Amino acid sequence: MTRTRTLVWATTASAVLAIGVSSLALSAGNPVEERQATMKAVGQSMKEAAGLNSPATFDAAKAKIAMEAVAADAKKLHGLYPAGSGADPKTSADPKIWENKADFDKRLTEMATLAATAGKTTSADAFKPAFSAVGATCKSCHDVYRKKKTT
């Protein structure tokens, strides 16, 4: 490689790295945006996994990927509800989260554990109830700790 090409590649790589670090820093500075993005990722993984519920569509590798993503995101969510972040007008998080943080964290841990278990299944017959348990945990948490939508 010529010196000019090397310089161009190094400059490009530095710019890409700087943009990535800046984006990370911005999202790290706003836990509401980061947890909303993480919740959307959980929703997408759950949607993908829902399509694997029958023997005709079940794929153990896809189930594992989707459920491992849910488990990882559930673990990540623990750190995205710092004190004071419920005051943001964009949040759907109910103040009950901070009033009963131990229960909220317990539910996130349960979701991660159930998702990891569902990801280890090897048949649709085993995956369907395991996946349903993950969904039930999501719903139970949303029923208590998500602000009700006003119409």
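Residues numbered from 1 in each chain as written. Predicted model: local features only at pLDDT ≥ 70, side-chain atom pairs only at ≥ 80, totals over all residues. Heavy atoms only, no water.

## Points about the nonpolar core
One finds Met67, Val70, Met111, Phe127 and Val134 to be the most contacted residues of the largest nonpolar core, which totals 30 residues. Mapped by element, the contributors of at least two residues to this core are helix H2 (31-50), helix H3 (60-77), helix H5 (101-118) and helix H6 (124-145). No other element matches H6, which puts 8 residues into this core. Those residues within four positions of Met67 in sequence are excluded, and the remaining contacts are Met46, Ala49, Ala115, Ala118, Gly119, Phe127, Phe131 and Val134. (Core = buried A, V, L, I, M, F, W, Y, C linked by side-chain atoms within 4.5 Å. Buried < 20%, exposed > 50% of the residue type's maximum accessible area, 1.4 Å probe, protein only. Helix = DSSP H or I, 4+ residues; strand = E, 2+ residues; numbered from the N terminus. Contact = heavy atoms within 4.5 Å.)

## Quick look at the packing of aromatic side chains
Two aromatic rings are characterised by how far apart their centres lie and by the angle between their planes. Inspection of the entire model under this criterion finds 5 aromatic pairs. Between Phe58 and Phe127, the aromatic rings sit 5.6 Å apart at their centres with planes inclined by 45°, giving tilted as the arrangement. Placement of Phe58 in the loop between H2 and H3 and of Phe127 in helix H6 is noted, with a sequence separation of 69 residues between them. With relative accessibility at 16%, the residue Phe58 sits in the buried group. The exposure class of Phe127 is buried, given its relative accessible area of 0%. Residues Tyr81 and Trp98 carry aromatic rings whose centres are separated by 6.2 Å and whose planes lie at 50° to one another, so their mutual orientation is tilted. Residue Tyr81 is located in the loop between H3 and helix H4 (96-99), and its partner Trp98 is located in helix H4; the two are separated by 17 residues in the primary sequence. Note on Tyr81: relative accessible area 6%, which makes it buried. One aromatic cluster is present, built from ring pairs that chain together Tyr81, Trp98, Phe104 and Tyr145. (Phe/Tyr/Trp six-rings, centres within 6.5 Å; stacked < 30°, edge-to-face > 60°.)

## Comments concerning the environment of Ala41
Checked against the element boundaries, Ala41 lands in helix H2. We classify Ala41 as partly exposed; its relative accessible area is 29%.

## Looking at the side chain of Thr121
Structurally, the position occupied by Thr121 is in the loop between H5 and H6. Overall, Thr121 belongs to the buried group, its relative accessible area being 12%. Here Ala118 takes part through its backbone oxygen, which lies 2.8 Å from a polar atom of the side chain of Thr121. Each residue touching Thr121, except ones within four places of it in the same chain, is listed here: Phe58, Ala60, Ala126, Phe127 and Ala130. (Polar contact = N/O pair within 3.5 Å; in protein donor to acceptor, adjacent residues only side chain to side chain.)

## A closer look at the pattern of salt bridges
The tally for this structure, following the rule as stated, stands at 7 salt bridges. Put simply, Lys90 and Glu33 hold a salt bridge, and the shortest N to O gap is 3.8 Å. Here Lys90, found in the loop between H3 and H4, pairs with Glu33, found in helix H2; they are 57 residues apart in sequence, far enough to count as distant. For Glu33, a relative accessible area of 41% translates into the label partly exposed. The partner of Lys106 in a salt bridge is Asp103, with the nearest N and O atoms 3.9 Å apart. (Salt bridge = Lys/Arg side-chain N within 4 Å of Asp/Glu carboxyl O.)

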